[in-house]
Amino acid sequence: MAARQVPLAVKESGLQRFRDFTVVFTQVGDTYEVRMLELGERDGRYAEVLGGLKQGATYVAEQSFLIKADIEKSGASHDH
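Residues numbered from 1 in each chain as written. Predicted model: local features only at pLDDT ≥ 70, side-chain atom pairs only at ≥ 80, totals over all residues. Heavy atoms only, no water.

(A) Summary view of the sheet that holds strand β2 (residues 16–18). The sheet built from three strands is open, its strands ordered β2-β3-β4 with antiparallel pairing. The two strands at the open ends of the sheet, each matched to only one other strand, are β2 and β4 (31–36). In this sheet, adjacent strand axes meet at a mean angle of 55 degrees when their direction is disregarded. Two elements, β2 and strand β3 (residues 21–28), share three bridges in a ladder whose sense is antiparallel. Within the sheet, the bridge partner assigned to Phe18 lies in β3 and is Phe21. The strands touched by helix α1 (residues 64–74) are β2, β3 and β4; relative to β2, the strand with the most contacts, the crossing angle is about 15 degrees. (Pairing = 2+ DSSP bridges. Helix = DSSP H or I, 4+ residues; strand = E, 2+ residues; numbered from the N terminus. Axes fitted to C-alpha atoms, helices over the stretch in contact; angles between N-to-C directions. Contact = heavy atoms within 4.5 Å.)

Pasting the structure below:
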């Protein structure tokens, strides 16, 4: 597959399944929030983001499963 430019992409290592959605976790102050994503093409390393995350947002790209476990354990709410 030929390389192409996309407006926004995230590392696939940061993606998690949360309920019925593919999400990333963004840090807001001292807490993490769930961002439900609409994804486009993937290349095995990166996934194109079509919606759900703003350009320049900081997200957890590695070991996000640890945050997912904490959120599930605490029963924390998520942001739409």
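So that's the structure; there's more coming.
(B) Molecular detail of α1. Taken residue by residue, α1 has Ser64, Ile67, Lys68 and Ile71 as its buried positions. Relative to the axis of α1, the buried residues are bounded by an arc of 100 degrees and lie together on one face. Looking at the buried residues of α1, the elements they touch are β2, β3 and β4. (Buried < 20%, exposed > 50% of the residue type's maximum accessible area, 1.4 Å probe, protein only. Arc of directions from axis to C-beta.)

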